[in-house]
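Report on the structure
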Amino acid sequence: MQNVMIVGAGKGGSAILKILNETEVLNVHAVIDRNLDAPGILLAKKERINTGRDWKPFLSENIDIIIEVTGDDSVFQQLRDAKNKKTILIPGSVAFLVSKLMEEKEELIKKHQNESYQQELIFNATNDGMVVIDDHGFVILFNRRAQEMMGVKKEDAIGKFVAEVIPTSRLPLILKTRKIEANQEMVLSNGRKIITTRIPIIEENGTVIGAFAVFKDITEVVNLAEEITDLKEIQTMLQAIIQSSDDAISVVDENGRGILINPAYTRITGLSQERVIGQPATTDISEGESMHMRVLQTRRAVRGVAMRVGPNKREVIVNVAPIIVKGKLKGSVGVIHDMSEIKSLNRELNRARQIIRTLEAKYTFEDILGKSDEMMIAIEQAKLGAKTPATVLLRGESGTGKELFAHAIHNASDRKYNKFIRVNCAAISETLLESELFGYEEGAFSGARRGGKRGLFEEANNGSIFLDEIGELSANTQAKLLRVLQENEIIRVGGTKPVAINVRIIAATHVNLEKGIAKGSFREDLYYRINRMPIHIPPLRKRKEEIPLLCERLIQKINRDYGRNVEGVNQAALQQLMAYDWPGNIRELENILGRAIIFMNYYETFMDVQHLPELKNKQIVSESVSSQYSNTVNLDQPLSALMEEYEAKIIQQTLNQSNGNKTLTAKKLGLSVRNLYYKLEKYKLENTGMQ
Ligand SMILES: Nc1ncnc2c1ncn2[C@@H]1O[C@H](COP(=O)(O)OP(=O)(O)OP(=O)(O)O)[C@@H](O)[C@H]1O
């Protein structure tokens, strides 16, 4: 390459220098000027040489060409002297022109650089991600948003194959298909949701020179849309709840104007939408203060306020709460319960409770009616007895409420959650009673169950056992019962091993046990054991003042059971009831009232004398029985069968007349209660009384 020496390093010289440096056709060996700060000297970064006017001494052998860019005459003179060298003279004006062109070129470059900088600024300022690839699929542009969305730095993306940067990118495909893919949704590996448009870059001549993708991050938008969908669903659900609620709902705005009511509201208040929406909250109140207004003033909820609403002055209970959104009061919501429904539900509940109580045969002291001194004493004693573990002996005539007392004592004791077992000692035969009470071991008697059987004492463990008609116990059973009381254990029939038990005994008798002791039919030691807390329940004839109260309550009970609506007993009927002696006590009174109600017409609300049966204080049974049955007996049978038929009919008749009271029946017929039970079983007789 030929060596050049540039003479004159002003604007023109430095322009020539740049051209030569860039084109690299000639090698610039030296640049000289008499001024050390000339731009060409500085640009050449060559040794600084101040030549003065004479530059010849610097002309070395290896310089092939001298380019002189000066208009100085003396320089020309020197050129002539150095003729052996190839000399190019460039006049100052030409050099100036060249330098001008160079400046323009620089400016153009600067401008270009500036433009691409601005372009980059724009690319980076946009909120869309942008990726541009060249025709080979290499990333040539990766803007700020793209970096954020992909989580990849620009330095790590530029120059890489696009699939290395975005594994799911379809841009390489676009280079081939040359087709635009607009608004495609995709999910990036980092979970962000984007919507992207991919466009091939095609030159006019049809050459594909690259492709680019623009993408929007729609994660937030999608999430928002999902939230809105959720909100809409919640709104639909709330609407459904409000519309289907049986409680009335009303909502007012912060000024107390109605904005929402549900169908139940219209049903309860009788007010339709038109009369409530946009109207003051006081519109529906017929009695009482508006709770909506109070809540809006105080910003505090109110609960359980009774008031009357609507034109029908419906009795309601109201709960109202403020609606506060982001600390701002927006209105209040009220829930209105219809009291008439609650009342009828309450009635239903009481009825259900009553039924359950009857089913479980569970009574409490609240069920025992009584106001006479004797009854009050008996109730007080029983309450006291309930709190102690002692054996209680209930004494009183049949139908006075001994079983009722037994239930009440059990339910008021700490055993109330355990079993209460009732045993009628007179109703079961002696041997059966023993095995029922104490259980038996396998093989204890013929017909005994395999594996034996637990007795009622074991069943009632930790609870109470009510031994009704205890005076009817056989000597053997009395001895066994004594053992239970003394040792707190039983021995099963046919067994030898004692079984520990913890049972409270509540005994009852209508017979005089003291007489039994005198006759030798009742053990004295057992008597003392069970008679520690005797409670005497007086017969009804000794507390007739209770008859009005009893009638009132018993009629309520019978109304419930029979679905009737009888309000009470009139004066004449009451007088008749008070005059009677009630040998069958309260059970008999209950039966008489029940039977009378059956005979009352539905429109009759007060019981009158005509509804009552004839109540005679002394009844002669045998005459009426013999006259009724003497003609109906089938005489075409052996005497024994005739006798049995006659006996069965007499027992049935007496039982009916005694309102099903077996003790009374036995008494009238001069039979022991046990004997009566035996005959009832034998003749399969039914108790037609109402007990
Ligand atoms: N004080 C009372 N208050 C309300 N009802 C009563 C009262 N006393 C008895 N009764 C009712 O009278 C009926 C007979 O009562 P209960 O069966 O308790 O009598 P009892 O003395 O055990 O009779 P028995 O000796 O014949 O078994 C029951 O329906 C009972 O609810």
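Since this is a predicted model, take the numbers as computed values, not measurements. (Residues numbered from 1 in each chain as written. Predicted model: local features only at pLDDT ≥ 70, side-chain atom pairs only at ≥ 80, totals over all residues.)

1. Quick look at the nonpolar core
- Membership of the largest hydrophobic core comes to 43 residues, with the highest contact counts inside it found for Leu394, Phe405, Ile409, Phe457, Ile465, Ile506 and Ala507.
- Residue contributions to this core peak at five residues, all from helix H15 (residues 402-412).
- Beyond its immediate sequence surroundings of up to four residues, Ile506 is in contact with Val392, Leu394, Ala406, Ile409, His410, Ser464 and Phe466.
- Of all hydrophobic cores here, the second largest spans 21 residues; its members include Val4, Ile6, Ile32 and Ala38. (Core = buried A, V, L, I, M, F, W, Y, C linked by C-beta atoms within 7 Å. Buried ≥ 20, exposed ≤ 12 C-beta atoms within 10 Å, placed from the backbone. Helix = DSSP H or I, 4+ residues; strand = E, 2+ residues; numbered from the N terminus. Contact = placed C-beta atoms within 7 Å.)

2. Structural notes on helix H23 (residues 585-599)
- In this model, H23 (15 residues) spans 22 Å end to end at C-alpha, consistent with the 21 Å of a helix rising 1.5 Å per residue.
- For H23, a buried count of 12 out of 15 residues is recorded, marking the element as mostly surrounded by other parts of the structure.
- The complete set of buried residues in H23 reads Asn585, Ile586, Arg587, Glu588, Leu589, Glu590, Asn591, Ile592, Leu593, Gly594, Ala596 and Ile597. (Expected span 1.5 Å × (residues − 1).)

3. Quick word on the sheet that holds strand E5 (residues 129-134)
- With antiparallel pairing, five strands are arranged side by side in an open sheet as E6-E5-E9-E8-E7. Looking along the sheet, the strands with just one partner apiece sit at the ends: strand E6 (139-142) and strand E7 (181-187). Sheet twist, expressed as the mean angle between neighbouring strand axes with direction ignored, is 20 degrees.
- Pairing of E7 with strand E8 (residues 193-202), which is carried by five bridges, proceeds in the antiparallel orientation. Looking at the pairing, Glu185 lines up with Ile195 of E8. (Pairing = 2+ DSSP bridges. Axes fitted to C-alpha atoms, helices over the stretch in contact; angles between N-to-C directions.)

4. Topic: the site of the ligand
- Near the ligand, the surroundings consist of 17 residues, among which Leu369, Ser398, Gly401, Lys402 and Glu403 are the closest.
- Only H15 and H23 provide two or more residues apiece to the shell around the ligand.
- Here the residues of the shell around the ligand are counted per class, giving four nonpolar, eight polar and five charged.
- Both domain 4 (361-538) and domain 5 (541-611) contribute no fewer than three residues apiece to the shell around the ligand. (Near = placed C-beta within 6 Å. Nonpolar A, V, L, I, M, F, W, Y, C, P; charged D, E, K, R; others polar. Domains from an automatic or database assignment.)

5. A few points about the confidence of the model for the chain
- Of the residues in the chain, 89% reach a pLDDT of 70 or more, and the chain-wide mean stands at 84.
- Ranking the elements of the chain by mean pLDDT puts helix H24 (residues 621-629) last, at 41, and strand E16 (residues 392-395) first, at 96.
- The low-confidence segment residues 619-633 (pLDDT under 50) makes 11 contacts with residues lying over four places distant or belonging to another chain.
- Scored by ipTM, the complex comes to 0.90, with pTM at 0.46. (pLDDT = per-residue confidence, 0-100.)

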